[in-house]
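# Coordinate analysis (summary)
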Amino acid sequence: MPAIKFDPSVCQACETVDCLMKCQYISFGSINDAKTEKLKINNGEHSRVLEECLTCYACQEYCPNSNNPFFLLVERQEERGFLPAPKPILEEQLRMMQPKGKLTAAKVKHPVVNMCAFPMLSGCVRGSLFDGASVISGNDLFCNIMWLHFAKNTTIRERVPHSINNIMNLYLRNSEIDEMVCFHDECFGTYTSVADAYGIKVPFKPIHLFDYINRRLDSLSDRIKPINAVIAYQRPCSNRLCPETDKILDGIFDKIGARRVPRKYDRGHALCCGGVPRAQQRDELADELLEKNIEDMKSVGAAFCVFNCPFCMATMAQEVAENGIMPILVSDLVVTALGE
Ligand code: SF4
Ligand code: SF4
């Protein structure tokens, strides 16, 4: 497998070191300090960033030169044996999420919606929004992006091509379909950003859920009953790999009358849901992030906390609801606006 795509000379010439200076979880005394750490990472030397990183993905978005700082960081963590989560947790997850070899080939119809390793969420693909959709899911289609949180680029390299082959051989090729809607940012990020940086070929066109919904709403515009409410959006880590889709989400919210008012921890400053530090057994940090985030949502009068990531939702839903804010997935909010 090829090395992670990055150009050390671009970092050498970089004057802002945005990848580290904008990090919300690690502080640097100066740009020079951040640059010293970044060059150590690039050179395969020890850097404190390898140990302190929360694995929030954000530096991937912060780099103005698309130089893949986070993917490289994960590579160096793995090379030097820094495990963000305890080894027993990693090993359990590797076993749990491994391919099962249980899927059988089936004909599918457009639109094909990939629910990845979350078949339990297949019920979300409902109503006129997903009219006629074929749903595919299972561990054998798992996008495997989660290993970025566990310093396991090798698992991404081993398992992603396997999932791509299954998607093609079990479903798309025989059905003469060449595109697939990714219900989760994780899958879209894998088949676009990760695949490009890791040199993995993707023979189908990944469609982001927001892109699909936004276009579908144009056909269903006469049925929309505006939500007319302030919402807080919990932007997930994997959306850092496809920031262009955040504007498409704004278009969806506008169409359904959901007001994403400015708040501190949204967009570029989105906070981790707390699930990752919880898995890393950094409970105090997880509690602190949750509290700051929910206080911020309350301060803007949010009626809904809107999620696109099922893991964020599972992590935050109870506390969000206990604070009087309704947790809901983007797709369910849209289905509600369609009166279904
Ligand atoms: S990764 Fe990007 S932001 Fe960071 S030093 Fe390199 S070019 Fe600059
Ligand atoms: S992944 Fe997040 S926590 Fe880690 S260095 Fe990048 S911005 Fe900082």
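Coordinates for the structure precede this section.
Residues numbered from 1 in each chain as written. Chains lettered and ligands numbered in written order. Predicted model: local features only at pLDDT ≥ 70, side-chain atom pairs only at ≥ 80, totals over all residues.

### Looking at helix α6 (residues 69–80)
Rule in force here: Helix and strand definitions follow DSSP, with helices as H or I runs of at least four residues and strands as E runs of at least two, each counted in order from the N terminus. In a helix, the anticipated span is given by 1.5 Å times the number of residues less one. For every residue, the other C-beta atoms within 10 Å of its own C-beta are counted; 20 or more classify it as buried, 12 or fewer as exposed, and values in between as partly exposed. C-beta atoms are placed from the backbone. Note on contacts: residues are paired as contacts if their backbone-placed C-beta atoms lie within 7 Å.
The end-to-end C-alpha distance of α6, which contains 12 residues, comes to 16 Å, matching closely the 16 Å that a straight helix rising 1.5 Å per residue would cover. Listing the buried residues of α6 in full gives Pro69, Phe70, Phe71, Leu72, Leu73, Val74, Glu75, Arg76 and Gln77. Its buried side turned inward, α6 meets α2 (18–21), α3 (31–42), α4 (48–52), α5 (58–62), α8 (153–172) and α9 (185–198). Of the residues one or two after α6, Gly81 is the one with positive phi, at around 75 degrees.

### Topic: the sheet that holds strand β3 (residues 179–182)
Operational definition: Each pair of strands is called paired provided DSSP finds at least two bridges between the two strands. Orientation is described by axes fitted as lines to C-alpha atoms, over the contacting stretch for helices, and by angles from 0 to 180 degrees between their N-to-C directions.
Pairing within the open sheet is parallel, and its 4 strands lie in the order β2-β1-β3-β4. What marks the edges here is a single partner per strand, and that holds for β2 (134–136) and β4 (205–208). Each neighbouring strand pair of the sheet contributes to a mean axis angle of 35 degrees, computed without reference to strand direction. With 2 bridges joining them, strand β1 (residues 112–114) and β3 adopt parallel strand pairing. Looking at the pairing, Asn114 lines up with Cys182 of β3. The strands touched by helix α10 (residues 209–219) within the sheet are β3 and β4, with β4 carrying the most contacts at an inclination of about 65 degrees.

### A closer look at unusual backbone geometry
Put simply, His110 and Pro111 share a cis peptide bond, and its omega is -5 degrees. By the secondary structure assignment, Pro111 is in the loop between α7 (87–96) and β1. Despite not being glycine, Thr55 shows a phi value in the positive range, around 60 degrees. Mapped onto the secondary structure, Thr55 falls in the loop between α4 and α5.

### Looking at the site of ligand 1
The line we're drawing: Near, as applied to residues and a molecule or strand, means the residue's backbone-placed C-beta atom lies within 6 Å of it.
Every residue near ligand 1 is listed here: Val10, Cys11, Cys14, Val17, Asp18, Cys19, Lys38, Cys63, Asn65, Asn67 and Pro69. Put simply, the parts of the chain that give the shell around ligand 1 at least two residues each are α1 (8–13) and α2.

### Points about the nonpolar core
As a reminder of what qualifies: To count as a nonpolar core, a set of buried Ala, Val, Leu, Ile, Met, Phe, Trp, Tyr and Cys residues must be joined through C-beta atoms within 7 Å.
One finds Cys305, Val306, Leu333 and Val334 to be the most contacted residues of the largest nonpolar core, which totals 99 residues. The biggest single contributor to this core is α9, with 6 residues. The residues touching Val334, leaving out its near neighbours within four places in the chain, are Leu129, Ile213, Ile252 and Ile256.

### Regarding the packing of α10 against helix α11 (residues 245–256)
Note the following rule: Throughout, a crossing is termed right-handed when the near helix is turned clockwise from the far one, and left-handed when it is turned anticlockwise from it by less than a right angle. Each residue is assigned to one of three groups, with Ala, Val, Leu, Ile, Met, Phe, Trp, Tyr, Cys and Pro labelled nonpolar, Asp, Glu, Lys and Arg labelled charged, and all others, Gly among them, labelled polar.
Contact geometry of α10 with α11 gives a least axis separation of 9 Å together with a crossing angle of 35 degrees. Judged by the sense of rotation from one axis to the other, the crossing of α10 with α11 is left-handed. Residues Phe210, Asp211, Ile213, Asn214 and Leu217 of α10 lie in contact with α11, whose contacting residues are Thr245, Ile248, Leu249, Gly251, Ile252 and Lys255. Broken down by class, the residue content of the contact of α10 with α11 amounts to 6 nonpolar, 3 polar and 2 charged.

### Observations regarding the environment of Gln77
Inspection of the secondary structure assignment puts Gln77 in helix α6. Under the C-beta neighbour-count criterion, Gln77 is labelled buried, with 24 such atoms within 10 Å. Separated by 133 residues in sequence, Gln77 and Phe210 have C-alpha atoms that sit 32 Å apart. Each residue touching Gln77, except ones within four places of it in the same chain, is listed here: Leu50, Phe82 and Ala151.

### Description of the sheet that holds strand β5 (residues 229–234)
In spatial order, the strands read β6-β5-β7-β8; together these 4 strands make up an open sheet with parallel pairing. Whereas interior strands pair on both sides, the edge strands pair on one side only; in this sheet they are β6 (258–259) and β8 (326–329). Relative to the sheet, helix α14 (residues 310–322) contacts β5, β7 (304–307) and β8, its axis offset from that of β8 by approximately 155 degrees.

### Section: the pairing of β5
The criterion, for reference: A crossover counts as right-handed when, viewed with the strands pointing away from the observer, the path leading from the first strand over the helix to the second turns clockwise.
Across 2 bridges, the pairing between β5 and β6 is parallel. Bridge assignment links Val230 to a residue of β6, and that residue is Arg259. In this region the chain leaves β5, passes through α11 and returns to the parallel neighbour β6; the handedness of that crossover is right-handed.

### Structural notes on the environment of Gln12
For Gln12, the location among the structural elements is in helix α1. Considering only alpha carbons, one finds Gln12 and Gln77, 65 residues apart in sequence, at a separation of 21 Å.

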